[in-house]
Amino acid sequence: MRIAVLAVQGAFEEHEKVLWELGAETVQLRKASDLQEHFDGLILPGGESTVQGKLLRELSMLQSIRAKIKEGLPVLATCAGLILLAEHIAGEETVHIGTLPVAVKRNAYGRQLGSFHYADGYFRGIGALPMEFIRAPYVESVSDGVEILASVEGRIVGVQYGKQLAVAFHPELTGDYRIHQYFLGQI
Ligand code: GLN
């Protein structure tokens, strides 16, 4: 299995390492021509969504990625990736890929959660799961057809819509590979 990892900014190398551990091949997406490669799934890593969105536009990659996801390409989005996928970002006009019918709130955790936050959450279909949040977004609301897979402290942090799986936390940082396994299992 060959998985593309968006590699314009952010924590893409960590995802590649997890995928290699699980026996998948990876291809980095750095420029538009990389999208011609064959791949069976796509990972949108954490980082800074405003920077990633700007680079995707400048590199003319945004529309092709959006089209592939609409055609059914399986995608795992984490943290900033979730923001890129969301159809609506609270308080902002910008929409990036916009294929996931949810509204997200960026950097929304108050003092009680802080910038970095660790939680033991429950993920539907997986069970108890360590979750690492870094200036994380959360999902404020979902449209029909979006399944809620995880909530932490009353906030939605994991959703699925068809082949789009999106989480607010960083599954590549905890040494627990079950989110990646779950994703690969759905391809
Ligand atoms: N705060 C970042 C953003 O708004 C996301 C943080 C992350 O990916 N860890 O894009």
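In the block above lies the structure referred to throughout.
Residues numbered from 1 in each chain as written. Predicted model: local features only at pLDDT ≥ 70, side-chain atom pairs only at ≥ 80, totals over all residues. Heavy atoms only, no water.

### Topic: the overall build of the chain
Put simply, the rule is: Here a helix means four or more residues in a row that DSSP labels H or I, a strand means two or more in a row labelled E, and each is numbered from the N terminus. C-alpha atoms define the radius of gyration in this analysis, and the globule rule sets the expected value at 2.2 Å times the number of residues to the power 0.38. Burial here depends on accessible area, computed with a 1.4 Å probe over protein chains only, as a share of the maximum for the residue type. Under 20% is buried, over 50% is exposed, and the range in between is partly exposed. Here a residue-residue contact requires only that any non-hydrogen atoms of the pair lie within 4.5 Å. Accessible surface area values rest on a Shrake-Rupley calculation with a 1.4 Å probe, where residue burial reflects the displayed protein chains alone. Positive: Lys, Arg. Negative: Asp, Glu. His and the chain ends are not part of the count. Just so you know, the charge point we use is NZ for Lys, CZ for Arg, CG for Asp and CD for Glu.
Scanning the chain for helices and strands turns up five helices and 12 strands. A compact globule built from 187 residues should have a C-alpha radius of gyration of about 16 Å, and the chain, at 15 Å, falls within 12% of that. When the backbone C-alpha atoms are referred to their principal axes, the chain occupies close to 45 × 40 × 30 Å. Counting every position in the chain, which comprises 187 residues, the buried fraction comes to 54%. Excluding contacts between residues fewer than 6 apart, the proportion of contacts in the chain whose partners are at least 24 apart in sequence is 64%. When the accessible area of the chain is evaluated, it comes to approximately 8200 Å², of which 46% is carbon and sulfur surface. The averaged location of the 22 negative side-chain charges in the chain is 4 Å from the averaged location of its 17 positive side-chain charges.

### Looking at the site of the ligand
As a reminder of what qualifies: Nearness is judged by heavy atoms alone; a residue qualifies as near a molecule or strand once a single heavy atom is within 4 Å of it. Any residue outside Ala, Val, Leu, Ile, Met, Phe, Trp, Tyr, Cys, Pro, Asp, Glu, Lys and Arg is labelled polar, Gly included; the first ten of those are nonpolar and the last four are charged.
Near the ligand you find Gly46, Gly47, Glu48, Ser49, Cys79, Ala80, Ile83, Arg106, Asn107, Ile134, Arg135 and His170, and these make up its full shell. Across the complex, the protein chains shield 97% of the 300 Å² of accessible surface that the ligand would expose by itself. Across the shell around the ligand, the residue classes tally to four nonpolar, five polar and three charged.

### Overview of helix 1 (residues 12-21)
Quick reminder of the rule: The arc in question is traced by the directions running from the helix axis to the C-beta atoms.
Looking only at helix 1, the buried set comprises Phe12, His15, Glu16, Val18 and Leu19. Considered in projection along helix 1, the buried side chains sweep an arc of 160 degrees and stay on one side of the axis. The exposed residues of helix 1 that point more than 90 degrees off its buried face are Lys17 and Glu21. Check the buried side of helix 1 and you find it contacts strand 1 (2-6), strand 2 (25-29), strand 3 (41-44), strand 4 (75-78) and helix 5 (178-185). Just downstream of helix 1 lies glycine 23, where phi reads positive at about 85 degrees.

### Things to note about helix 3 (residues 62-70)
Those residues of helix 3 that sit buried are Leu62, Ile65 and Ile69. Looking down the long axis of helix 3, one finds its buried residues gathered within 70 degrees of arc, a one-sided arrangement. Exposed and oriented more than 90 degrees from the buried face of helix 3 are Gln63 and Lys70. Glycine 72 lies just past helix 3 and shows a positive phi near 110 degrees.

### Describing the pairing of strand 10 (residues 147-152)
Heads up, the rule is: DSSP-based pairing: two strands are paired if at least 2 bridges between them are found.
Relative to strand 11 (residues 155-161), strand 10 runs antiparallel, the two sharing five bridges. Along strand 11, the bridge assignment pairs valine 152 with arginine 155. Connecting the antiparallel pair strand 10 and strand 11 is a turn made up of two residues, with glutamate 153 showing a positive phi of about 50 degrees.

### Looking at the pattern of salt bridges
How we decide: Definition used for salt bridges: Asp or Glu carboxyl oxygen within 4 Å of a side-chain nitrogen of Lys or Arg.
Under the definition given, this model contains nine salt bridges. Arginine 2 is the partner of glutamate 25 in a salt bridge, and the nearest nitrogen-oxygen pair spans 3.4 Å. One end of the pair, glutamate 25, is in strand 2; the other, arginine 2, is in strand 1, and 23 residues separate them in sequence. The exposure class assigned to glutamate 25 is partly exposed, which follows from its relative accessible area of 48%. Among the ionic pairs, glutamate 58 bridges to lysine 54, the shortest N-O distance being 2.9 Å. One end of the pair is glutamate 58 and the other is lysine 54, both in helix 2 (residues 49-58) and four residues apart, which spans about a single turn. A relative accessible area of 51% places lysine 54 in the exposed class.

### Examining the side chain of aspartate 34
Just so we agree on the cut-off: Side-chain atoms alone can form a polar contact between residues adjacent in sequence; in general such a contact is a pair of N or O atoms within 3.5 Å, and within protein one must be able to donate a hydrogen while the other accepts it.
Position of aspartate 34 among the secondary structure elements: in the loop between strand 2 and strand 3. The class for aspartate 34 is buried, based on a relative accessible area of 10%. Among the polar contacts made by the side chain of aspartate 34, one reaches the side chain of lysine 31 at a distance of 2.9 Å. Filtering out sequence-adjacent residues up to four positions away, aspartate 34 remains in contact with Gln28, Leu29 and Phe39.

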